[in-house]
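Structural overview for review
Listed here are the chains, written in short residue letters.
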Amino acid sequence: MATNKDTTINPMVNVIMLFILFLSKQAVAQTNSEVLKTDILRNEILKMDSLLFDVAFNQCDASQFKKIIADDVEFYDDRFGLNVSKENEIKSLDAKCSRPEKLTRKLNSCTIDKLGDFGAVQIGDHTFYVDGKPEGTGKFIHIWERKDKDWKLKRIVSYEHRPIKK
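As a starting point, this report considers the structure included with it.

Conventions adopted
- Throughout this document, residue positions are counted from 1 along each chain, in the order its sequence is written.
- The predicted origin of the model limits local features to residues at a pLDDT of at least 70 and limits the giving and counting of side-chain atom pairs to 80 or more, whereas totals for whole chains, interfaces and linings rest on all residues.
- Just so you know, side-chain values use all the structure's heavy atoms and leave hydrogens and water out.
- A strand pair is defined by DSSP finding two or more bridges across the two strands.
- A run of DSSP states H or I qualifies as a helix once it reaches four residues; a run of E qualifies as a strand once it reaches two. Both are numbered from the N-terminal end.
- Only the contacting stretch of a helix is used when fitting its axis, a line to C-alpha atoms as for every element, and angles between N-to-C directions run 0 to 180 degrees.
- Basic side-chain nitrogens of Lys or Arg form a salt bridge, by our definition, when they fall within 4 Å of a carboxyl oxygen of Asp or Glu.
- For the exposure calls, accessible area comes from a 1.4 Å probe over protein chains only, and a residue counts as buried if that area is under 20% of its type's maximum, exposed if over 50%, partly exposed in between.
- Any N or O atom pair separated by 3.5 Å or less is treated as a polar contact, with the protein-specific requirement of one donor-capable and one acceptor-capable atom, and with residues adjacent in sequence counted only for side-chain atom pairs.
- Residues are treated as being in contact if the distance between any of their heavy atoms lies within 4.5 Å.

**A closer look at the sheet that holds strand β6 (residues 150–163)**
The six strands are arranged β2-β1-β6-β5-β4-β3 in an open sheet whose pairing can be described as mixed. Edge strands, defined here as strands with exactly one partner in the open sheet, are β2 (81–83) and β3 (103–115). Direction aside, the axes of adjacent strands within the sheet are offset by 15° on average. In the sheet, β3 pairs with strand β4 (residues 119–130) via twelve bridges, with the strands oriented antiparallel. Following the sheet pairing, Leu107 is matched in β4 by His126.

So this is what it looks like as structure tokens:
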């Protein structure tokens, strides 16, 4: 014999369901807002990467380079060690640009993440070309600091430089 079960929903269950629905809508709103902020940050850092390499490095624009590099830059490199001088970084760019062969860089991929209110970290890999021919690859970590509306490249770690096997 079948029994008739009570099909009414407990009022407390209704309250809990409404609360869960409210929280899920809030989470979606926060997620959409965070995605938008992440997209804006990514676009800003990719623009700075382009100014640093496509303009300053590839086109030998020292004035652009000076604007981007922080006064207290630290550059850690697997080949040359540590440099803590903006002036030396500018000299290095000048030396690169004085060479008879043209050295350029192309970004292959990167990830960009927010560093609280300080700025952002960019981690990626790139390929270097000499006179248009791929010569080597490397990985990098850039720490970008936001100062008002400007971005400054504060810390650089450049590593795993490898020649391209021909």
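**Examining the pattern of salt bridges**
Taken as a whole and judged by the stated rule, the model has eleven salt bridges. Linking Arg146 and Glu44 is a salt bridge whose minimum nitrogen-to-oxygen distance equals 2.8 Å. Linking Arg146 in strand β5 (residues 133–147) with Glu44 in helix α1 (residues 11–57), this pair joins segments that are 102 residues apart in sequence. Notably, a salt bridge pairs Lys91 with Glu87, separated by 3.3 Å at the nearest N-O pair. Of this pair, Lys91 and Glu87 both sit in helix α3 (residues 86–98), separated by four residues, roughly a single helical turn. For Glu87, a relative accessible area of 51% puts it in the exposed group. One connected set of salt bridges, linked through shared partners, spans Asp72, Glu145 and Lys154.

**Topic: the environment of Arg79**
With respect to the element layout, Arg79 can be found in the loop between β1 (69–77) and β2. Sequence separation between Arg79 and Ser158 is 79 residues, and the spatial gap between their C-alpha atoms is 8.7 Å. Within the local environment of Arg79, its side chain forms a polar contact with the side chain of His161, the two groups lying 3.4 Å apart.

**Quick look at the side chain of Gln64**
Here Gln64 shows up in helix α2 (residues 62–68). Other than its neighbours up to four places away in sequence, Gln64 contacts Leu51, Val55 and Ala56.

**Looking at the side chain of Glu145**
Structurally, Glu145 can be placed in strand β5. Look at Glu145 and you get buried, because its relative accessible area is 12%. Look past the residues within four positions of Glu145 in its chain and what remains in contact with it is Phe118, Gly119, Asp150, Trp151, Lys152 and Lys154.

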